[in-house]
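# Architecture at a glance
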Amino acid sequence: MAVLSRLLTPKQLTSSSSTIFPTFSSYYSTAIKATGDGRSVQWVFLGCPGVGKGTYASRLSKLLGVPHIATGDLVRDELSTKGPLSPQLSEIVNQGKLVSDHLIIDLLSKRLEAGHAKGESGFILDGFPRTIRQAEILEGVTNIDLVINLKLREEALLAKCLGRRTCSQCGGNYNVACIDIKADNEKPAMYMPPLLPPSHCASKLITRPDDTEEVVKERLRIYNEKSRPVEEFYRARGKLLEFDLPGGIPESWSKLLRALNLDDHEDKRSAAA
Ligand code: ADP
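In what follows, the accompanying structure is described.

Analysis parameters
- Residues numbered from 1 in each chain as written.
- Predicted model: local features only at pLDDT ≥ 70, side-chain atom pairs only at ≥ 80, totals over all residues.
- Heavy atoms only, no water.
- Helix = DSSP H or I, 4+ residues; strand = E, 2+ residues; numbered from the N terminus.
- Contact = heavy atoms within 4.5 Å.
- 1 Å grid on protein atoms, 1.4 Å probe; cavity = no way out; pocket = protein on both sides within 12 Å on 5 of 7 lines; lining within 4 Å.
- Points joined across faces, edges and corners; volume = space filled by probe spheres on them.
- Nonpolar A, V, L, I, M, F, W, Y, C, P; charged D, E, K, R; others polar.
- Core = buried A, V, L, I, M, F, W, Y, C linked by side-chain atoms within 4.5 Å.
- Buried < 20%, exposed > 50% of the residue type's maximum accessible area, 1.4 Å probe, protein only.
- Phe/Tyr/Trp six-rings, centres within 6.5 Å; stacked < 30°, edge-to-face > 60°.
- Lys NZ or Arg CZ within 6 Å of the ring centre and 35° of its normal.

Another aspect to go through is the side chain of Ser86. Relative to the helices and strands, Ser86 is located in helix H6 (residues 86–94). With residues near it in sequence (within four places) discarded, Ser86 still touches Glu78 and Leu79.

By the definition in use, this model includes two cavities of 30 Å³ or more. Empty space within the largest cavity amounts to approximately 60 Å³. Forming the boundary of the largest cavity are Phe45, Leu46, Gly47, Cys48, Pro49, Lys53, Gly127, Phe128, Pro129, Arg130, Tyr223 and Ser227. Mapped onto the lining of the largest cavity, the elements with two or more residues apiece are strand S1 (42–46) and helix H11 (213–236). Residue classes in the lining of the largest cavity are distributed as seven nonpolar, three polar and two charged.

For the rest of this paragraph, the subject is the nonpolar core. Generally speaking, soluble globular proteins have nonpolar side chains that are buried together. Counting 57 residues, the largest nonpolar core has Leu60, Ile148 and Tyr234 as the members making the most contacts within it. Setting aside chain neighbours within four positions, we find Ile148 in contact with Trp43, Val44, Phe45, Leu46, Leu60, Leu241, Phe243, Leu256 and Leu260.

All right, on to the packing of aromatic side chains then. Going through the model one piece at a time under the given rule, you end up with one aromatic pair. Where Phe233 meets Tyr234, the ring centres are 5.1 Å apart and the plane angle is 85 degrees; that geometry is what we call edge-to-face. Residue class for Phe233 comes out buried when judged on its relative accessible area of 8%. Between Arg59 and the ring centre of Trp253, over which it is positioned, the NZ or CZ distance is 5.2 Å. The side chain of Lys255 reaches across the aromatic face of Phe243, ending 5.2 Å from its centre.

Take it as geometry only, folks, not as evidence of what the structure does.
In structure tokens:
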């Protein structure tokens, strides 16, 4: 660990990232060679816990045909394997803390390599980078095209995390929270209806162990301390798109597509049907 922290000093990061994280760098050199200039999008989603990164990243990934890679999912997959690292990892996650940069990059490298072997190219990252160190390492190995910073009113974030539910059978994500914020002098009203599960999932819903009030508050605190600076990192590089979510999925999705200059033909077809 001492060696690792010495190697990970900010000054050496970019130049030494290929020696510290050889897999990560070798994935990129292959991917960039394979796809050339016409490569698929390489986008990042930033935003507080509960803002909806997973929802919009997953919709965009389907629309653009690139994988949605959520590092939180990689951590939960690792936990479910109950390997030697699991007890330590679950303690960190269940306290709302961040796992080490080294471990998260190892998990991400393996995921990217596995995807590359299956012919995947491009990505939408969700939950990575979450520290300046992770952002520097990523910047050192590839060119991120766009970083979407999702923003939602503070009052809604906690309620949205506490309302999250997943179907233990099909993995579908739902939210039982109904956000109904009245207008005041400064801000307009905001309504986000619950996203309820279909009846066949209703009896199989589970809640993430880190979605308790105490842990969500700690995750929000850690976001402000460790991840907020990542916004500035990308803002300074002209890559940050700020996006204020106006409400629930229907209004937010169409507004996001407009901000990205994209068109969702599927969505229009199903709305017209
Ligand atoms: P959130 O809803 O808070 O955005 P995620 O599902 O993205 O949660 O992540 C769950 C947990 O996994 C985090 O609280 C953290 O412990 C760990 N994690 C995920 N991504 C990272 C990362 N990039 N760096 C460090 N820890 C991470």
